[in-house]
Amino acid sequence: MKQFLYLDTDIVNSIIAQSEKGLVQEQSEESENNKTKSTHVSGGMEGSGAAEGSFLKLAKAEASLSLSGELGKECVSATTSREIISKVLHDAAFDIAYTYIQPKKFSVGENNSDEYGDYVELTRVFDFVDMDYLENLFSKNGLVDFLKKTSKEKIETEVSKATDGMNREQLRTTGKAIKNELKRLIADSDKQYDDIHDIIVAFRQLMPYTRMLISRDGYLIPMDDQYFRINPNNLGFKYGGEITCVGMITNIIGADTDPNDPKNIFATLQFTVNEVLRTILPTDAQNLCVIHPIAVFYGS
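Bear in mind that the values here come from a model prediction, so they are computed numbers and not experimental data. (Residues numbered from 1 in each chain as written. Predicted model: local features only at pLDDT ≥ 70, side-chain atom pairs only at ≥ 80, totals over all residues. Heavy atoms only, no water.)

## Thoughts on the overall build of the chain
No. 1: When its secondary structure is counted, the chain shows eight helices and ten strands.
No. 2: Counting the 300 residues in the chain, one finds 34% classified as buried.
No. 3: Pairs at least 24 residues apart make up 73% of the contacts formed inside the chain by residues separated by at least 6 positions.
No. 4: Of the roughly 18200 Å² of accessible surface on the chain, 52% is carried by carbon and sulfur atoms. (Helix = DSSP H or I, 4+ residues; strand = E, 2+ residues; numbered from the N terminus. Buried < 20%, exposed > 50% of the residue type's maximum accessible area, 1.4 Å probe, protein only. Contact = heavy atoms within 4.5 Å. Areas by Shrake-Rupley, 256 points an atom, 1.4 Å probe, with all protein chains shown as cover.)

Given below as structure tokens:
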């Protein structure tokens with residue numbers, strides 16, 4: 001049983017439509033009598049597709065479920081029924097699309113032969129990255145100020161312990177040096193947290209996405225908010241552990257991927273951006289594979 005966190009229904013529908021040589025042409029007629037509604041759906045396939053293709057089956061299923069779900073219901077209940085039916089059919093459509101693309105399954109640590117356009121299925125413990133959430137945490141008056149304060153108190157406590165055994169003369173002799181060292185340690189600690197904020201700002205400028213998944217073996221999966229099946233605002237906090245992503249490899253940022261034309265300033269700039277990305281991202285892989293996700297889910 002799958003629990004979808006993310007599902008790109010546009011790509012799912014496109015895969016089925018291309019595989020079955022056309023789209024279902026749907027017509028519906030509605031009549032109301034004592035708050036009941038009936039729906040008639042007819043469809044046909046273009047080209048050589050079979051009349052009983054998967055898309056047409058889904059359309060008929062939606063009509064049948066809608067009818068049974070709406071009879072005798074009030075408008076609010078009917079709307080809720082339609083939303084549930086829509087999700088069920090989208091899930092079923094993904095299973096149909098999956099049979100057509102037959103994604104390659106790569107285990108963690110496997111020597112993957114990634115190619116542009118390959119469909120892959122990855123089951124891993126991913127890092128959820130939410131740039132809005134992280135930037136708010138490490139902005140002024142956010143969590144970073146608390147972390148700096150906590151680190152300062154810890155440093156002061158350690159320095160105080162180190163000077164407990166000194167007599168008055170020793171403290172008088174080394175007092176200035178101790179104060180200077182204390183200031184240096186606190187400044188270094190503050191800089192570490194300031195650097196985190198700078199890295200987040202730089203990463204946001206490099207990546208046009210707010211939310212993404214990252215794996216240690218070099219897979220970067222940017223995600224569009226419109227296809228989330230859950231509230232994306234609490235993604236990083238609420239969800240963790242091993243999940244599965246099905247998608248297509250759309251870019252490979254390799255360690256030896258030089259610009260094709262050194263005179264092309266745009267290609268050179270893109271290469272520089274890619275190198276910065278490889279430096280910032282927490283991966284152990286030489287190559288960074290960008291995945292366009294179709295679905296992200298728990299279970300199988």
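So much for the structure itself; the text now carries on.
## Comments concerning the pattern of salt bridges
No. 1: With the rule as written, the count across this model stands at eleven salt bridges.
No. 2: Between Asp118 and Lys104 there is a salt bridge, with the nearest N and O atoms lying 3.0 Å from each other. With Asp118 in the loop between β4 (104–106) and β5 (119–125) and Lys104 in strand β4, the pair connects residues that are 14 residues apart, well separated along the chain.
No. 3: Take Asp118: its relative accessible area is 15%, and that puts it in the buried class.
No. 4: In this structure, the salt-bridge partner of Asp130 is Arg211, at a minimum N-O distance of 3.1 Å. A residue pair is termed long-range when its members are at least 10 positions apart, and Asp130 in strand β6 (residues 127–130) and Arg211 in strand β7 (residues 211–214) qualify at 81 residues. (Salt bridge = Lys/Arg side-chain N within 4 Å of Asp/Glu carboxyl O.)

## Let's talk about the nonpolar core
No. 1: By size, the foremost hydrophobic cluster in this structure holds 24 residues, and its most contacted members are Leu213, Ile291 and Val296.
No. 2: Mapped by element, the contributors of at least two residues to this core are β1 (3–7), β5, β8 (219–223), β9 (242–253) and β10 (288–298).
No. 3: Residues in contact with Ile291, not counting those within four places in the same chain, are Val120, Leu122, Tyr219, Leu220, Ile221, Pro222, Cys245, Gly247, Met248 and Ile249. (Core = buried A, V, L, I, M, F, W, Y, C linked by side-chain atoms within 4.5 Å.)

## Quick look at the confidence of the model for the chain
No. 1: On average, the chain scores 75 in pLDDT, and the residues at 70 or more come to 65%.
No. 2: Counted against residues more than four places away or in other chains, residues 24–51, with its pLDDT under 50, gives 53 contacts.
No. 3: pLDDT under 50 marks residues 69–78. Its contacts with residues more than four places away, or in other chains, come to eleven contacts. (pLDDT = per-residue confidence, 0-100.)

## Some details on the environment of Ile214
No. 1: On the secondary structure map, Ile214 appears in strand β7.
No. 2: Along the primary structure Ile214 and Phe126 are separated by 88 residues, whereas in three dimensions their C-alpha atoms are 5.5 Å apart.

## Here we look at the packing of aromatic side chains
No. 1: Enumeration over the complete set of coordinates arrives at seven aromatic pairs.
No. 2: Between Phe4 and Phe94 the ring centres are 5.4 Å apart and the planes differ by 80°, which places this aromatic pair in the edge-to-face class. Taken as a pair, Phe4 in strand β1 and Phe94 in helix α3 (residues 75–101) lie far apart in primary sequence, 90 residues in all. No difference in accessibility class separates Phe4 from Phe94, as the two residues are buried. (Phe/Tyr/Trp six-rings, centres within 6.5 Å; stacked < 30°, edge-to-face > 60°.)

## A look at the pairing of β5
The side chains of a regular strand alternate, residue by residue, between the two faces of the sheet.
No. 1: Taken together, the three bridges between β4 and β5 define a ladder with parallel strand orientation. What sits directly across from Phe106, in β5, is Leu122.
No. 2: Pairing geometry for β5 and β9, over seven bridges, is antiparallel. Bridge pairing in β9 links Glu121 to Val246. (Pairing = 2+ DSSP bridges.)

## Quick word on the environment of Pro103
No. 1: As for its placement among the helices and strands, Pro103 is situated in the loop between α3 and β4.
No. 2: Owing to a relative accessible area of 10%, Pro103 belongs among the buried residues under this scheme.
No. 3: Residues contacting Pro103, with those up to four places away along its chain left out, are Tyr98, Tyr119, Val120, Glu121 and Val246.

## Digging into helix α1 (residues 9–19)
No. 1: Those residues of α1 that sit buried are Thr9, Val12, Ile15, Ile16 and Ala17.
No. 2: The backbone nitrogen of Asp10 lies 3.2 Å from a side-chain oxygen of the residue at the head of α1, namely Asp8.
No. 3: Positive phi shows up at Lys21, right after α1, with a value of about 65°. (Polar contact = N/O pair within 3.5 Å; in protein donor to acceptor, adjacent residues only side chain to side chain.)

## Some thoughts on the side chain of Lys148
No. 1: Here Lys148 shows up in helix α5 (residues 143–162).
No. 2: Filtering out sequence-adjacent residues up to four positions away, Lys148 remains in contact with Asp190, Tyr193 and Asp194.

## What to know about the environment of Lys148
No. 1: With relative accessibility at 19%, the residue Lys148 sits in the buried group.
No. 2: Sequence separation of Lys148 and Lys191 is 43 residues, and the distance between their C-alpha atoms is 9.3 Å.

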